[in-house]
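If you want the building blocks of each chain, they are given just below.
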Amino acid sequence: MINLSDKEIQELLEKGKAQSFDNNEKLYSKVFDALKAEPDFELSKQFSSNVIASIEAKSDSTEKVIYVIGVLGILVSFALTLALIVAFAGDSMLKYLPHLLISSVVLLLVQYLDNKVQHLVTGTK
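Residues numbered from 1 in each chain as written. Predicted model: local features only at pLDDT ≥ 70, side-chain atom pairs only at ≥ 80, totals over all residues. Heavy atoms only, no water.

## Digging into the overall build of the protein
And then number 1: Assigned secondary structure in the protein consists of four helices and zero strands.
And then number 2: Each helix (α) and strand (β) of the protein, taken in turn from the N terminus, gives the series α-α-α-α.
And then number 3: Sorting the 125 residues of the protein into buried and exposed places 10% on the buried side.
And then number 4: For the protein, contacts bridging at least 24 residues in sequence account for 26% of all contacts bridging at least 6. (Helix = DSSP H or I, 4+ residues; strand = E, 2+ residues; numbered from the N terminus. Buried < 20%, exposed > 50% of the residue type's maximum accessible area, 1.4 Å probe, protein only. Contact = heavy atoms within 4.5 Å.)

Have a look at this one:
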């Protein structure tokens, strides 16, 4: 039996009709027999729990980094806005400084509350 495809050889092996194989096809037979055997190891019972815990830990740390970047962005924006007001607008615009501060705090509060509501709805931490 020369020039058989892998699929044809496998079909013959599965049917048990492979008696006159040459050397290459006998090697295929050995591989096919070895693949029938189950592996000797098993995953631990806590494997899935460990994987999920590591994913959640990475998710939590990523979320914290995102919030830190967001807070820093708001603080830098606030400082830049204040610097631009002082440099270009003068004292007349400083009366709007409390509005800028309050709006920044409201943005942070809305972001925090949105996160808490999202966790309540999804049932996560």
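## Thoughts on a nonpolar patch on the surface
And then number 1: Nonpolar side chains collect at one region of the surface, where Phe41, Leu43, Phe47, Val51 and Ile55 lie side by side and expose about 520 Å² of accessible area between them.
And then number 2: Among the structural elements, Val51 can be located in helix H3 (residues 47–89).
And then number 3: A residue is classified by how much of its surface remains accessible, and Val51, at 33% relative accessible area, is partly exposed. (Patch = residues over 30% accessible without salt bridge, like charges linked within 9 Å, V, L, I, M, F, W, Y side chains within 5 Å. Areas by Shrake-Rupley, 256 points an atom, 1.4 Å probe, with all protein chains shown as cover. Salt bridge = Lys/Arg side-chain N within 4 Å of Asp/Glu carboxyl O.)

## Structural notes on the confidence of the model for the protein
And then number 1: This prediction gives the protein a mean pLDDT of 77; 86% of its residues lie at or above 70.
And then number 2: Ranking the elements of the protein by mean pLDDT puts helix H2 (residues 23–36) last, at 71, and helix H4 (residues 97–122) first, at 84. (pLDDT = per-residue confidence, 0-100.)

## What to know about H4
Owing to its 3.6 residues per turn, the α-helix aligns residues three or four sequence positions apart on the same side.
And then number 1: With 26 residues, H4 ought to run about 38 Å at 1.5 Å a step, and its terminal C-alpha atoms sit 38 Å apart, in line with that.
And then number 2: On the buried face of H4, the contacting elements are H3.
And then number 3: Immediately downstream of H4, the backbone of Gly123 shows phi near 80 degrees, a positive value. (Expected span 1.5 Å × (residues − 1).)

## A short note on H3
And then number 1: Here H3 spans 62 Å end to end across 43 residues, near enough to the 63 Å set by a 1.5 Å rise per residue.
And then number 2: Immediately beyond the C-terminal end of H3, within one or two residues, lies Gly90, with a positive phi of roughly 80 degrees.

## Some details on the side chain of Asn115
And then number 1: With respect to the helices and strands, Asn115 occurs in helix H4.
And then number 2: Of the residues examined, Asn115 reaches a relative accessible area of 10% and is grouped as buried.
And then number 3: Apart from residues no more than four positions distant in its own chain, Asn115 is found in contact with Glu63 and Tyr67.

## Concerning the side chain of Ser104
And then number 1: Assignment of secondary structure puts Ser104 in helix H4.
And then number 2: Setting aside residues up to four positions removed in sequence, Ser104 forms contacts with Ile74 and Phe78.

## Some details on the environment of Met93
And then number 1: Its place among the elements puts Met93 in the loop between H3 and H4.
And then number 2: Given the relative accessible area of 32%, Met93 is considered partly exposed.
And then number 3: For Met93 and Leu82, which are eleven residues apart along the polypeptide, the C-alpha to C-alpha distance reads 9.4 Å.

## Details of the packing of H3 against H4
And then number 1: Closest axis-to-axis distance for the H3/H4 pair is 10 Å, and the angle between their directions is 170 degrees. By the angle between their directions, the pair H3 and H4 is classed as roughly antiparallel. Contacts between H3 and H4 pair Glu63, Tyr67, Val71, Ile74, Phe78, Thr81 and Leu82 from the former with Leu97, Leu100, Leu101, Ser104, Leu107, Leu108, Gln111, Asn115 and His119 from the latter.
And then number 2: Here the contact of H3 with H4 is built from residues that sort into ten nonpolar, five polar and one charged. (Axes fitted to C-alpha atoms, helices over the stretch in contact; angles between N-to-C directions. Parallel < 35°, antiparallel > 145°, perpendicular 65-115°, else oblique. Nonpolar A, V, L, I, M, F, W, Y, C, P; charged D, E, K, R; others polar.)

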